[in-house]
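Observations on the model geometry
Letter by letter, the chains look like this.
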Amino acid sequence: YLKNHMKKICFIVAMAAEAKPLIQHFGLMHQGGRFGQAPSQVYQGNYKNIEITLVTNGKDADTGFDYIGCEAATLSTHLAIAYYHPDIIINAGTAGGFASKGAKIGDVYLSHKYIVFHDRRVDIPGWNRMGQGYFPCIDSDEIARLGGFKQGICTTGSSLDMTEDDAEQMRQTGGEVKDMEAAAVAWVAQLYKTPILCVKAITDLVGADRPTAQQFDDNLSMATQKLKDACFKIVDEHLLRKKK
Ligand code: SAH
């Protein structure tokens, strides 16, 4: 699944707060206005002879908030692939986990088996499957084993909360790492036959007593440090080692 001569790695990250530790650690420089009117922002640098590109979704001019969610993630991923032709896409971000599946705040999960949506309701055979997605991701077994990461089926929806219907779809698909971008990024990656790995740090436990938004705010900074450490380890110890 991985090319032997990996030269270009592209991170797709929704929020600036999630991206900041990665940008600093890899020493990436902001490439202002690279995508014209599109909000997506590009950061680039060279790390051990690998071209590292990181694309964030950028900000909504209207609210001043970072774009989260599938539409912006689709745009960022399309632009990133069309402009930079990466050898691999790493969708790095935060996610909700499930205590019932053993998740703890601060855990880092790698995508596993396939990536799905949990909030598409089209009860017609065929379209139903298309709605859930089942997009491929790279085999993360070895990276997880060597790096000590958990693995989980990433599942994406357009809401921070979870309805009973979302929960039912997750039971069907086995979804266990809940975010708002992974499946959108994976859909574009699949269109362009670009390998994808999701790396997700758990900021909140779904269904815990404390509201998700509060858990998210409390744990964001800790989780983004763990995310950075994990991404660095994956690039340094795994993706670069494959070159030999
Ligand atoms: N309240 C936050 C907004 C976070 S929205 C703020 O004001 O900064 C959630 C973002 O984190 C999305 O990009 C999503 O991918 C991820 N995320 C974290 N926990 C999530 C959960 N439980 N469900 C869905 N997305 C989650």
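Residues numbered from 1 in each chain as written. Predicted model: local features only at pLDDT ≥ 70, side-chain atom pairs only at ≥ 80, totals over all residues. Heavy atoms only, no water.

Our next topic: unusual backbone geometry. Of note, the phi angle at K113 is positive, near 65°, even though the residue is not glycine. For K113, the position within the fold is in strand β6 (residues 108-117). For K113, a relative accessible area of 58% gives the class exposed. Non-glycine residue Y134 carries a positive phi angle of around 55°. Secondary-structure assignment places Y134 in the loop between α3 (127-132) and β7 (135-136). (Helix = DSSP H or I, 4+ residues; strand = E, 2+ residues; numbered from the N terminus. Buried < 20%, exposed > 50% of the residue type's maximum accessible area, 1.4 Å probe, protein only.)

A word on the site of the ligand. Not every one of the 16 residues close to the ligand is listed here, only the nearest: T94, K178, M180, E181 and D204. Protein coverage of the free-state accessible area of the ligand, which is 570 Å², stands at 85%. Every element with two or more residues in the shell around the ligand is listed here: β5 (88-97), β9 (177-179), β10 (196-205) and α7 (212-239). Looking at the shell around the ligand residue by residue, the classes come out as 6 nonpolar, 5 polar and 5 charged. (Near = heavy atom within 4 Å. Areas by Shrake-Rupley, 256 points an atom, 1.4 Å probe, with all protein chains shown as cover. Nonpolar A, V, L, I, M, F, W, Y, C, P; charged D, E, K, R; others polar.)

The buried fraction of strand β3 (residues 41-47) is high, at 5 of 7 residues. In this structure, strand β2 (residues 29-31) lies alongside β3, joined through 3 bridges in antiparallel fashion. Its bridge partner lying in β3, H30 is registered against Y43. Here β3 folds back onto strand β4 (residues 50-56), and the loop between the two strands holds 2 residues, one of which, K48, carries a positive phi near 50°. (Pairing = 2+ DSSP bridges.)

Moving on: the side chain of N219. With respect to the helices and strands, N219 occurs in helix α7. For N219, a relative accessible area of 16% corresponds to the buried category. Contact partners of N219, with chain neighbours within four places excluded, come to I105 and T203. (Contact = heavy atoms within 4.5 Å.)

This part covers the packing of aromatic side chains. For the coordinates displayed, the defined rule picks out 9 aromatic pairs. A centroid spacing of 5.9 Å and a plane angle of 35° characterise the contact between F11 and F26, whose relative ring orientation is tilted. In this pair, F11 is assigned in strand β1 (residues 8-13) and F26 in helix α1 (residues 16-26), connecting sequence segments 15 residues apart. Here the two residues F11 and F26 agree in accessibility, since each one is buried. Judged by centre distance (5.1 Å) and plane angle (85°), the rings of F26 and Y47 are edge-to-face. One end of the pair, F26, is in helix α1; the other, Y47, is in strand β3, and 21 residues separate them in sequence. Like Y47, F26 is buried. Among the aromatic residues, ring-to-ring pairing joins F11, F26, Y47 and F232 into one connected group. One cation-aromatic arrangement involves R120 over F117; the distance from NZ or CZ to the ring centre is 3.7 Å. The ring of Y134 has R129 lying over it, and the distance from NZ or CZ to the ring centre is 4.4 Å. (Phe/Tyr/Trp six-rings, centres within 6.5 Å; stacked < 30°, edge-to-face > 60°. Lys NZ or Arg CZ within 6 Å of the ring centre and 35° of its normal.)

This part is about the pattern of salt bridges. Per the counting criterion, the structure on display carries 10 salt bridges. K59 is the partner of D66 in a salt bridge, and the nearest nitrogen-oxygen pair spans 3.1 Å. The residue E164 makes a salt bridge to R171 at a minimum N-O spacing of 2.8 Å. Here the salt bridges share partners, and the residues they tie into one network are E164, E168 and R171. (Salt bridge = Lys/Arg side-chain N within 4 Å of Asp/Glu carboxyl O.)

A separate point is α7. For an α-helix the count is 3.6 residues per turn, leaving residues at separations of three or four pointing the same way. Look at α7: only 33 Å from first C-alpha to last across 28 residues, short of the 40 Å you get at 1.5 Å a residue. If you look at α7, its biggest bend is around 55°, right at L220. (Expected span 1.5 Å × (residues − 1). Bend = angle between axes of the 7 residues up to and from the residue.)

Orientation of helix α2 (residues 70-84) relative to helix α6 (residues 182-191), taken along the N-to-C sense of each, is 30°, at an axis distance of 8 Å. Crossing hand, α2 versus α6: right-handed. Counted together, C70, A73, T74, T77, H78 and I81 of α2 and A184, V185, W187, V188 and A189 of α6 form the full contact between these two elements. Looking at side-chain class alone, the contact of α2 with α6 contains 8 nonpolar, 3 polar and no charged residues. (Axes fitted to C-alpha atoms, helices over the stretch in contact; angles between N-to-C directions. Left-handed = near helix turned anticlockwise from the far one by under 90°.)

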